[in-house]
Amino acid sequence: NSGMNMVLSLASGNRVLMLVEGKAGAYIRDTGGFCKWDTSGPQAVLEAYGGVMAKLPEFLENKDMVSYTHLKSPLNLDFCKRSVGLTLSNARDKKMFIPGLDSIVTDVHLVKEYNCVQGLVALAPTKMEEFYRNAIHSAMNNIKKDS
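Everything quoted here is computed from the prediction, not taken from an experiment.

A.B. asks: Quick one: what's the story with the pairing of strand β7 (residues 120-123), residue by residue and with numbers?
C.D. replies: Where burial is concerned, the two faces of β7 agree: the one with Leu120 and Ala122 and the one with Val121 and Leu123 are both buried. Pairing of strand β1 (residues 26-29) with β7 involves four bridges; the strand directions are antiparallel. Bridge pairing in β7 places Arg29 opposite Leu120.

A.B. asks: Account for the sheet that holds β7, with residues named and values stated.
C.D. replies: Remark on secondary structure: sheet strands pair via backbone hydrogen bonds, oriented parallel or antiparallel. Reading across from one edge, β1-β7-β3 is the order of the three strands in this open sheet, with antiparallel pairing throughout. Looking at which strands have only one partner, the edges of the open sheet turn out to be β1 and β3 (52-55). The sheet shows a mean angle of 10° between the axes of neighbouring strands, taken without regard to direction. When β3 meets β7, the two strands line up antiparallel, connected through four bridges. Its bridge partner being in β7, Lys55 is matched across the sheet by Leu120.

A.B. asks: Could you give an account of the packing of aromatic side chains, with specific residues and numbers?
C.D. replies: The geometry of an aromatic ring pair comes down to the distance between the two centres and the angle between the two planes. Within this structure, the stated rule accounts for three aromatic pairs. With a centroid separation of 5.2 Å and an interplanar angle of 80°, the aromatic rings of Phe131 and Tyr132 are classed as edge-to-face. One Lys or Arg, Lys55, reaches over the ring of Tyr68 and ends 6.0 Å from the middle of that ring.

A.B. asks: Help me get a handle on the pattern of salt bridges, residues and values and all.
C.D. replies: Inspection of the entire model under this criterion finds four salt bridges. For Lys36, the salt bridge goes to Asp78, with nearest N and O atoms at 3.0 Å. Pair noted here: Lys36 is in helix α2 (residues 36-48) and Asp78 is in the loop between α3 (56-62) and β4 (84-85), with a separation of 42 residues, a long-range link. With relative accessibility at 9%, the residue Lys36 sits in the buried group. In this structure, Arg92 engages Glu113 in a salt bridge whose closest nitrogen and oxygen atoms are separated by 3.3 Å. Taken together, the residues Arg92 in the loop between β4 and β5 (104-105) and Glu113 in the loop between β5 and β6 (115-116) connect sequence positions 21 residues apart. The partly exposed category is assigned to Glu113, whose relative accessible area is 27%. In this structure, a network of salt bridges that share partners links the residues Lys36, Lys55 and Asp78.

A.B. asks: Lay out the side chain of Lys55 in plain terms, naming residues and giving numbers.
C.D. replies: Here Lys55 shows up in strand β3. Polar side-chain contacts of Lys55 include one of 3.0 Å to the side chain of Asp78.

A.B. asks: Tell me about the packing of helix α1 (residues 12-20) against α2, and name the residues and values.
C.D. replies: Where α1 contacts α2, the axes come no closer than 9 Å and their chain directions differ by 10°. Between α1 and α2, the angle is such that the two are roughly parallel. The chirality of how α1 crosses α2 is right-handed. Residues Ser12, Gly13, Val16, Leu19 and Val20 of α1 form the contact with α2, whose participating residues are Asp38, Thr39, Pro42, Val45 and Leu46. For the contact of α1 with α2, the per-class residue count stands at six nonpolar, three polar and one charged.

A.B. asks: Give a description of α1 that names residues and reports values.
C.D. replies: Buried within α1 we find Ser12, Val16, Met18 and Leu19. Each buried residue of α1 sits inside an arc of 150° when the element is viewed along its axis, so together they form one side. At its buried positions, α1 is contacted by β1, α2, β3 and β7. With its phi angle positive at about 80°, Gly22 sits one or two positions after the end of α1.

What counts, and at which threshold
- Residues numbered from 1 in each chain as written.
- Predicted model: local features only at pLDDT ≥ 70, side-chain atom pairs only at ≥ 80, totals over all residues.
- Heavy atoms only, no water.
- Buried < 20%, exposed > 50% of the residue type's maximum accessible area, 1.4 Å probe, protein only.
- Helix = DSSP H or I, 4+ residues; strand = E, 2+ residues; numbered from the N terminus.
- Pairing = 2+ DSSP bridges.
- Axes fitted to C-alpha atoms, helices over the stretch in contact; angles between N-to-C directions.
- Phe/Tyr/Trp six-rings, centres within 6.5 Å; stacked < 30°, edge-to-face > 60°.
- Lys NZ or Arg CZ within 6 Å of the ring centre and 35° of its normal.
- Salt bridge = Lys/Arg side-chain N within 4 Å of Asp/Glu carboxyl O.
- Polar contact = N/O pair within 3.5 Å; in protein donor to acceptor, adjacent residues only side chain to side chain.
- Parallel < 35°, antiparallel > 145°, perpendicular 65-115°, else oblique.
- Left-handed = near helix turned anticlockwise from the far one by under 90°.
- Contact = heavy atoms within 4.5 Å.
- Nonpolar A, V, L, I, M, F, W, Y, C, P; charged D, E, K, R; others polar.
- Arc of directions from axis to C-beta.

Spelled out as structure tokens, the structure:
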């Protein structure tokens, strides 16, 4: 047991506010399907207070905190071949999404340019030390193994 508990909360802004207020230590979203405008404001506030928000795969792989790209572009600059599942919310053309079919996308042109397609991890300003990063990383990888 990592000593961490799940706290239920709705909306990215509220989750980040809980981090800033010290009511939570980490915000983890293991799916894509949200848009950059859902998290860009909360990310700016969190980072202004000393926290961090980053893409989940890089954190799970080697604890790197790599931010989503917030540059205007006709293509999704955070796309990674063979790691993105096509969903109703990230499909550029909704007709390409087939309910019940797990579709791993290999073409960046199939996903919307503004979707966050890799999940995220955010750490509270009080949880930036290596000890907490290691604990959160370990707990997440244990959950990943169990699922």
